Every structure is written in structure tokens, then in C-alpha cells.
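Take a look at the letters that make up each chain.
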Amino acid sequence: MGFETELKKAATRVEGVLEGIVAETADETPAHLLATMRHGLFGGKRIRPFLVLASARLFGVDGVGVLRVAAALECVHCYSLLHDDLPAMDDDDMRRGRPTAHIAFGEAAAILAGDALLTLAFEILAGPRTHHDAGIRADLVLHLARAAGARGMAGGQMLDLDAAARNEDEAAVMRMQAMKTGALIAYAATAGAILGAAATADRARLGRYGQALGAAFQIGDDLLDCEATPGEMGKATGKDAAAGKATLIAALGANAARARRDALIAEAKSQLEPFGEAAAALTAVADFVMRRRK
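If you're wondering where the values come from, they're calculated on a predicted model, not measured in any experiment.

A.B. asks: Just to check I follow, could you spell out the overall build of the protein for this structure?
C.D. replies: A tally of regular secondary structure across the protein gives 15 helices and two strands. Computed over its C-alpha atoms, the radius of gyration of the protein comes to 18 Å, within 12% of the 19 Å expected for a compact globule of 294 residues. Judged by the C-alpha coordinates and their principal axes, the protein covers about 50 × 50 × 35 Å. A buried classification covers 50% of the 294 residues belonging to the protein. Accessible surface, the protein: about 12,500 Å² in total, of which carbon and sulfur atoms supply 56%. Both charge centroids of the protein, one from 33 positive and one from 37 negative side chains, sit 3 Å from each other.

A.B. asks: Mind showing me how you'd approach the packing of aromatic side chains here?
C.D. replies: Working definition: an aromatic ring pair is given by the centre-to-centre distance plus the angle between the planes. For the coordinates displayed, the defined rule picks out three aromatic pairs. Ring centres of F3 and F50 lie 5.2 Å apart, and the angle between their planes is 80 degrees; this geometry places the pair in the edge-to-face category. Placement of F3 in helix α1 (residues 3-25) and of F50 in helix α3 (residues 47-57) is noted, with a sequence separation of 47 residues between them. Relative to F288, the ring of F3 has its centre 5.3 Å away and its plane inclined at 45 degrees; by these criteria the two rings are tilted. Of this pair, F3 sits in helix α1 while F288 is found in helix α15 (residues 280-291), placing the two residues 285 residues apart along the sequence. Exposure remark for F3: the relative accessible area of 11% places this residue in the buried category. Overall, the relative accessible area of 4% leaves F288 in the buried class. Ring pairs connect the aromatic residues F3, F50 and F288, which therefore count as one cluster. Directly above the aromatic system of F217 lies the positively charged group of R48, at a separation of 5.5 Å from the ring centroid.

A.B. asks: Would you mind showing me how to read the side chain of Q218 here?
C.D. replies: Inspection of the secondary structure assignment puts Q218 in helix α10 (residues 200-227). A polar contact is formed between the side chain of Q218 and the side chain of T181, at a distance of 2.3 Å. Q218 has contacts with Q177 and T181, leaving out every residue within four places of it along the chain.

A.B. asks: Can you walk me through the packing of α10 against helix α14 (residues 254-270) in this structure?
C.D. replies: Describing two packed helices takes the angle between their axes plus the distance from one axis to the other. Taken N-terminus to C-terminus, the directions of α10 and α14 make an angle of 150 degrees; their axes are 8 Å apart at the nearest point. With respect to their mutual orientation, α10 and α14 come out roughly antiparallel. Considering how the two elements wind past one another, α10 and α14 form a crossing that is left-handed. For the pair α10 and α14, the contacting residues are Y209, A212, L213, A215, A216, I219, G220, L223 and E227 in the first and A254, A257, R258, R260, R261, L264, I265, E267 and A268 in the second.

A.B. asks: Just checking my understanding: could you explain the nonpolar core for this structure?
C.D. replies: Most often, soluble globular proteins keep nonpolar side chains buried together rather than apart. L51, L140, Y187, Y209, L213 and V285 are the most contacted members of the largest nonpolar core, which totals 88 residues. Residue contacts for V285: discarding those within four places in its chain leaves F3, I47, F50, L51, Y209 and L213.

A.B. asks: Before we go on, may I ask you to explain the pattern of salt bridges in this structure?
C.D. replies: Opposite charge on two side chains permits pairing when their charged atoms draw close. One pass over the full model with this rule turns up 12 salt bridges. Between R13 and D62 there is a salt bridge, and its shortest N-O distance comes to 3.3 Å. Of this pair, R13 sits in helix α1 while D62 sits in the loop between α3 and α4 (64-84); the two residues are 49 residues apart in sequence, bridging distant segments of the chain. The salt bridge partner of E170 is R260, with a shortest N-O separation of 2.3 Å.

A.B. asks: Quick question: what am I supposed to make of the side chain of T100 here?
C.D. replies: Counting through the fold element by element, T100 comes out in the loop between β2 (98-99) and α5 (101-105). Accessibility expressed as a relative area gives 1% for T100, which makes it buried. A polar atom in the side chain of T100 sits 2.9 Å from the backbone oxygen of D92. Those residues in contact with T100 that lie beyond four places of it in its chain are H39, D85, D92, D93, M94 and R95.

A.B. asks: Please clarify how the environment of S80 should be interpreted in this entry.
C.D. replies: Here S80 is to be found in helix α4. For S80, a relative accessible area of 8% gives the class buried. There is a polar contact of 2.5 Å between the side chain of S80 and the backbone oxygen of H77.

Calculation notes
- Residues numbered from 1 in each chain as written.
- Predicted model: local features only at pLDDT ≥ 70, side-chain atom pairs only at ≥ 80, totals over all residues.
- Heavy atoms only, no water.
- Helix = DSSP H or I, 4+ residues; strand = E, 2+ residues; numbered from the N terminus.
- Rg over C-alpha atoms; globule rule 2.2 N^0.38 Å.
- Buried < 20%, exposed > 50% of the residue type's maximum accessible area, 1.4 Å probe, protein only.
- Areas by Shrake-Rupley, 256 points an atom, 1.4 Å probe, with all protein chains shown as cover.
- Lys, Arg positive; Asp, Glu negative; His and termini not counted.
- Charge placed at Lys NZ, Arg CZ, Asp CG, Glu CD.
- Phe/Tyr/Trp six-rings, centres within 6.5 Å; stacked < 30°, edge-to-face > 60°.
- Lys NZ or Arg CZ within 6 Å of the ring centre and 35° of its normal.
- Polar contact = N/O pair within 3.5 Å; in protein donor to acceptor, adjacent residues only side chain to side chain.
- Contact = heavy atoms within 4.5 Å.
- Axes fitted to C-alpha atoms, helices over the stretch in contact; angles between N-to-C directions.
- Parallel < 35°, antiparallel > 145°, perpendicular 65-115°, else oblique.
- Left-handed = near helix turned anticlockwise from the far one by under 90°.
- Core = buried A, V, L, I, M, F, W, Y, C linked by side-chain atoms within 4.5 Å.
- Salt bridge = Lys/Arg side-chain N within 4 Å of Asp/Glu carboxyl O.

Take a look at the structure:
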């Protein structure tokens, strides 16, 4: 079965869990807020959830608990998109081929829906259905909080916004992107190791894999913003250069940025070598990141 098929299969499993979780809250959630949450939550490729499922399988773990961790992570990712699209951030009108949440439902609803999805993620992780061991649940919560917060994604977004007023060098861009994009992807890769109570060395390998993959993923995004069409991406392109965004393309040029992406993919794959064929799905993600066109 090809990677794209496996990705869609995993997305369907995770979306089924997300549908159930959202349904559980529906009676107590204002209709306007619920509709905005659903608008932001459903759609997309679900790369991060796939990484959770694939890393968990390395340690013989599957089932509802793993799907709930994948769903929680996707709640955080989708909250970040709702907020990133706002006029105060990236000011985007289209996402996934349709109007962004603040265009469809209003800015206030988009902010609140993002808040609701972020907090829902931790409710999911903290619940006993995610794992019978409270210590593992606490570890999942702790590491997601770090990945999403001021030392991770939120801090990286702040650096990104501030960088527009400066001419950032390569090191500064790499730090910003490691926080903004890489932190959640690294969490996705290590969450399975946490669920499987993996050895410290194995967990560290998956963390390094996720960090390299996340950096490559962001460079790929930057290249697509320059080279892909709005129809391919389902959103406006060419915005990074127009806004003076700090990217490796701006710092190094497109060819050097592409070479850096490819080197990071090679680094990510090298971290999987001790796992052998068991890590084939994670290797396939790295190959997908290198060749993706949307």
C-alpha cells in the first residue's frame, strides 16, 4: 500500500475519533463556537497524527489511546492555524481551498475556537481513555505544553512576526522555524515512544528525527510559497516575499534552501537506521516531505 493511501487511512481513523470527541461536547458548546471549531478542525493531510501512529507502532502500541494522542495533537495544530490566519498574524483569507475561519465566522469566533481547541487537546490527553497510566498521561501533557508554548510553537510565531522588521541570518531563521514548526513535529515523533515507554536512547533518536523533519518541512513550505500556485496549495502563495518574511530562501536563496532541506531529510532518515524496516512508515514521511507539491 502506497504512502498516500496509508496517510488517508490514518487520517480517516483520527477524524473518526475527533468526530466522537467533538460530539461529546456538542450539547454544552454554543452553536456558533462549535461550527467554527469544526471548520478549523476538519480537513488537511494529518501528517502529525500519522507520525504519532507510526512512532507508536515502533513500540507495539496501537488502538484508541494512540488515536486520542494523535487527535489531541491535531487540535493544537488546527488551533494554531486558526490564529495564524487572523489579520493580526498572517492575514490569510483562504485555507485548504475554502475561506479561513475568521472570514467565515468572524474574528472573535476564530480566536475563541482556537482557544477551545487548544484546551480540548489537554482534556483529551489527561483523560483515562488515553492511557491507564497517569504518569504517561502527565508526560504526554508536559511535552505537548512545552512544544506548543513560549519555548516552542507560540514563541516561534512571535520570532516570525518580529523577524519581518529585521534582516535575519541563517541561524536566526533556523531557530525560529525549529520552534514554530519543528516543535510540534518532534512531539509527534516522540509521542509514540512515550506511549510505548521506550528506552531513553530510542526516544532521543525519534526526537532528533522529528526536529530534522520539522526543519525540512518548513523549508518545503517556504519553497512552495515561492513556486506553487494558489490552486495547488489551496491558499494564497507568494506572501512570504511580499511581507519580507524571514525564510531560508531569503537568507540563502532557493537552491541553497532546497539543498538544506534535502540534507535535513537525510539526517532525519539516519536517525531511523537502528529501527530497520520497522521504521518504514517514518521513512516514507521523510520522502513525502521532500517531494510534496502541496
